[in-house]
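Chain by chain, the residues:
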Amino acid sequence: MPASILRLLFRRVLFRRLLPVVPAMALLLAAAVHANEPDRRIAVTFDDLPWASLEPATPLPAEGSVPMDMLDHHKRLVDALRQSGVPAIGFVNESRLWSQGSFRPDRTAMLEAWLEAGLSLGNHTASHLDFNAVGLEAYQRDILLGEAHLRPLLAARGQTPQWFRHPYLRTGTNHDDRTALETFLREHGYRIAPVTVTNSDWIWAAAYRNTLRQGDEQTRQRLRQDYVRYMMLRVAYFERRSSMLLGYLVPQVLLLHANELNADAFAALGDALRGHGYRFVSLEDATRDPAYARPDGYTGSYGTSWIHRWAAAENRGTSFYGGEPTTPRWVLELAGVASE
């Protein structure tokens, strides 16, 4: 038999023997690649519930009811979170449940819709006060006022408020006030809700709200697309800082606000995060990571990421904090904001 035919027969036999092995080899290779990927987890949090632009001074119809377009935006946000399977938590300002000196049940109904979707709620003070500006006693009073309707609302579902979020992420400018507040919060059953991925979504939201008033769908589409890109740049920035400081990717905590932009853009943002390898976890799950027990070394006047706070405790140099992605000038101008 010619050598060429022998070689052909040998190749066919070898191929038949290897064929069942190929899928297993592919699975092993995929597993090896997956094992080398970082474990990306992120908790999604929303401030200023029931709605960021719903305040006691907000112009409303004579009866003080929540405008229908606002209810529509709120429903879209809740639906987007539910459909994305995101175990988000929203932080409530009690004052947003009032209008013209009267409590408005339709505003509490927005919180009930949030809970019915399987989402969580926390305390964000009654009046969105700045701890650094008003001092300890006034701030503590506002925290207690912030649970006047929140606590019974949760109790009806067998829950209690467990998380507190500082407005503006301002946590005190001296050690004594910070320690006293932490003790006060523990005594009332609260844990401080940290943030690692800070951003200026409120500026983008202001620009988006202006385009809604103007009926400019083309600019709104551009805002939604660029907003998702901007947020992913912010996430990547804090990934790098996490690796520099901790040597691994900490489970991130993302701060957003309950607003029209996130109602319309969160589905795309959620897809982008998943495409980057993130899986969504609860705030409780994210903060189980040992990094969240690290000391907070920041006592400045600004609100900043907990990654930067941990770095401050280690006296990292100023170069550690630089290079944050910023909001483009055209968005600032559209929002009517001079700077971040």
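Residues numbered from 1 in each chain as written. Predicted model: local features only at pLDDT ≥ 70, side-chain atom pairs only at ≥ 80, totals over all residues. Heavy atoms only, no water.

Peer 1: Is there a simple way to think about the side chain of Arg-96 in this case?
Peer 2: Here Arg-96 shows up in the loop between β2 (89-92) and β3 (98-99). Overall, Arg-96 belongs to the buried group, its relative accessible area being 5%. Within the structure, Arg-96 has its side chain in polar contact with the backbone oxygen of Ala-52 (distance 2.7 Å). Sequence-distant contacts of Arg-96, defined by excluding residues within four places in its chain, comprise Asp-48, Leu-49, Pro-50, Trp-51, Ala-52, Ser-53, Leu-54, Glu-55, Arg-107 and His-128. (Helix = DSSP H or I, 4+ residues; strand = E, 2+ residues; numbered from the N terminus. Buried < 20%, exposed > 50% of the residue type's maximum accessible area, 1.4 Å probe, protein only. Polar contact = N/O pair within 3.5 Å; in protein donor to acceptor, adjacent residues only side chain to side chain. Contact = heavy atoms within 4.5 Å.)

Peer 1: Can you help me understand the confidence of the model for the protein in this one?
Peer 2: The predicted model of the protein has a mean per-residue pLDDT of 90, with 88% of residues at 70 or higher. Residue range residues 25-34 is modelled with pLDDT below 50. Its contacts to residues more than four positions away, or to other chains, number 0 contacts. (pLDDT = per-residue confidence, 0-100.)

Peer 1: Sorry if this is basic, but what is going on with the pattern of salt bridges here?
Peer 2: Close approach of charged atoms allows side chains of opposite charge to pair. For the structure on display, the rule yields 22 salt bridges. With its nearest N and O atoms 3.7 Å apart, the salt bridge here joins Arg-96 to Asp-48. Placement of the pair is Arg-96 in the loop between β2 and β3 and Asp-48 in strand β1 (residues 40-49), with a sequence separation of 48 residues. Each member of the pair, Arg-96 as well as Asp-48, carries the same accessibility label: buried. Residue Glu-284 pairs with Arg-191 through a salt bridge whose shortest N-O separation is 3.0 Å. Of this pair, Glu-284 sits in helix α12 (residues 283-286) while Arg-191 is found in strand β7 (residues 191-192), placing the two residues 93 residues apart along the sequence. Note on Glu-284: relative accessible area 29%, which makes it partly exposed. Linked by salt bridges that have partners in common, Asp-39, Arg-41 and Arg-279 make up one network. (Salt bridge = Lys/Arg side-chain N within 4 Å of Asp/Glu carboxyl O.)

Peer 1: Can you walk me through helix α10 (residues 217-246) in this structure?
Peer 2: Given 3.6 residues per helical turn, the α-helix brings residues three or four places apart onto the same face. The end-to-end C-alpha separation of α10 is 43 Å, in line with the 44 Å expected for 30 residues at 1.5 Å each. Just downstream of α10, Gly-247 is the residue with a positive phi angle, here 85°. (Expected span 1.5 Å × (residues − 1).)

Peer 1: Explanation requested: the side chain of Asp-48 in the structure shown.
Peer 2: Accessibility expressed as a relative area gives 8% for Asp-48, which makes it buried. In this structure the side chain of Asp-48 is engaged in a polar contact, spanning 3.2 Å, whose partner is the side chain of His-128. Residues within four places of Asp-48 in sequence aside, it is in contact with Phe-91, Asn-93, Arg-96, His-124, His-128, His-257 and Ala-258.

Peer 1: Looking at this structure, how should I read the packing of aromatic side chains?
Peer 2: Pairs of aromatic rings are described using the distance from one ring centre to the other and the angle between the two planes. Per the stated rule, a full pass over the model turns up 11 aromatic pairs. Relative to Tyr-139, the ring of Phe-131 has its centre 4.5 Å away and its plane inclined at 20°; by these criteria the two rings are stacked. Taken as a pair, Phe-131 and Tyr-139 share a single burial class, namely buried. Through pairs of rings, three or more aromatic residues link up here, namely Phe-46, Trp-114, Phe-266 and Phe-280. Over the ring of Tyr-168 we find Arg-170; its NZ or CZ atom is 4.8 Å from the centre of that ring. Positioned above the aromatic ring of Trp-330, the side-chain terminus of Arg-222 is 3.7 Å from the ring centre. (Phe/Tyr/Trp six-rings, centres within 6.5 Å; stacked < 30°, edge-to-face > 60°. Lys NZ or Arg CZ within 6 Å of the ring centre and 35° of its normal.)

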